[in-house]
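Here's the letter readout for the chains.
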Amino acid sequence: MRSLLVSLSLLGCAGTLAAQAPGHWPPDSLINTKVFPHATPVMQVVGAMRNITFALGVRCPFCHVGEEGMPLERFDFAKDEKHTKLVARQMMLMVQEINRRLDTLPEHGHMGPNIQVTCATCHRGVSRPVPLATLIEQTDSAAGADSAVRVYRALRERYYGRDAYDFGEASLNTAAFRVARASRFDDAFALLRLNEELFPGSSGMYVFRGNISLMKGDTAAAVAAFREAVKRDSTNQEAKGRLRAIGQRP
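Residues numbered from 1 in each chain as written. Predicted model: local features only at pLDDT ≥ 70, side-chain atom pairs only at ≥ 80, totals over all residues. Heavy atoms only, no water.

Points about the pattern of salt bridges
Inspection of the entire model under this criterion finds eleven salt bridges. For R178, the salt bridge identified is with E137, shortest N-O distance 3.7 Å. You can see R178 sitting in helix α7 (residues 169–181) and its partner E137 sitting in helix α5 (residues 132–143), a full 41 residues away along the chain. The exposure class of R178 is partly exposed, given its relative accessible area of 27%. In the salt-bridge network here, residues are joined through shared partners; they are D76, K79 and E81. (Salt bridge = Lys/Arg side-chain N within 4 Å of Asp/Glu carboxyl O. Helix = DSSP H or I, 4+ residues; strand = E, 2+ residues; numbered from the N terminus. Buried < 20%, exposed > 50% of the residue type's maximum accessible area, 1.4 Å probe, protein only.)

What follows is the structure in structure tokens.
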């Protein structure tokens, strides 16, 4: 059963279920199929669709013509009006190709018989599988630090403890560093303050603070940050190296 569900996940990112005009569910057969074989049993495709909605954290209207809460018999699954459905078909083909090539990996013989890539491998419950650091950086670029902080808090509230995002301190540190490279230093420090709130004992976060201060040209602030990093963790060799590099004793 697990192997069957995995296989369905590979195929199910966007199928077409309607064999006649809306008004009949489940349909008797498939039409307008581009990836599923036409003879695939309808309920097998339905099972695949359920797997995909779970993998992407979406529901039927994400790809298909219909509205949330509408009875399924009123959806027009055959139509190709939505861009997400067209993208999903290409994703289906990509996933199939990856799985066809898994046996070319040197480690394949040690992976076990049921190792497969599925939509969930990358999406992990979100429709747009973007790393958290990238998402926060993009939000800051588009709307500023306050919005980036709000988005982070909202995502943490919704997804903490799930596979969707990495809420370890590295995500905000990375986002802050990328924001600083665009010379948005105040925004970068705002992200680091949020990280310090979440990880109050962090030494590594102060290394990022020091590096961003150097990018800004504030050597005094950098020295203070690197010294704080060493104070919090006497084994922090990166902070000690940074201090030596700017002519300061660790």
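From this point on, the discussion continues.
A short note on α5
Across its twelve residues, α5 extends 16 Å between first and last C-alpha, which sits within 8% of the 16 Å expected from 1.5 Å per residue. Within the span of α5, buried status applies to L132, A133, T134, L135, I136, T139 and D140. Close packing links the buried residues of α5 with α6 (145–159), α7 and α8 (185–198). One or two residues past the end of α5 sits G144, with phi positive at roughly 95 degrees. (Expected span 1.5 Å × (residues − 1). Contact = heavy atoms within 4.5 Å.)

Re the packing of α6 against α8
Orientation of α6 relative to α8, taken along the N-to-C sense of each, is 30 degrees, at an axis distance of 9 Å. Taken together, the axes of α6 and α8 are roughly parallel relative to one another. As for how α6 packs across α8, the hand of that crossing is right-handed. Listed contacts from α8 to A145, A148, V149, Y152, R153 and R156 of α6 are D187, A190, L191, L194, E197 and L198. Grouping the amino acids of the contact of α6 with α8 by side-chain chemistry returns eight nonpolar, no polar and four charged. (Axes fitted to C-alpha atoms, helices over the stretch in contact; angles between N-to-C directions. Parallel < 35°, antiparallel > 145°, perpendicular 65-115°, else oblique. Left-handed = near helix turned anticlockwise from the far one by under 90°. Nonpolar A, V, L, I, M, F, W, Y, C, P; charged D, E, K, R; others polar.)

Focus on the nonpolar core
Among the nonpolar cores identified, the biggest contains 37 residues, and I136, Y165, L191 and I212 are the most heavily contacted of them. Where this core is concerned, the elements lending two or more residues are α5, α6, α7, α8, α9 (204–216), α10 (219–232) and α11 (237–245). Apart from the residues within four sequence positions on either side, L191 is in contact with I136, A148, V149, L172, A175, A176 and V179. One finds V35, V42, V46 and A48 within the second-largest nonpolar core, a separate group that totals nine residues. (Core = buried A, V, L, I, M, F, W, Y, C linked by side-chain atoms within 4.5 Å.)

Re the packing of α7 against α9
Between α7 and α9, the least distance of the axes is 10 Å, while the angle of their chain directions is 0 degrees. For the element pair α7 / α9, the angle class is roughly parallel. For the pair α7 and α9, the contacting residues are E169, N173, T174, A176, F177, A180 and R181 in the first and G204, M205, F208, N211, I212 and M215 in the second. Partitioned by chemical class, the residues of the contact of α7 with α9 number seven nonpolar, four polar and two charged.

As far as function goes, none of this settles anything; it's purely spatial.
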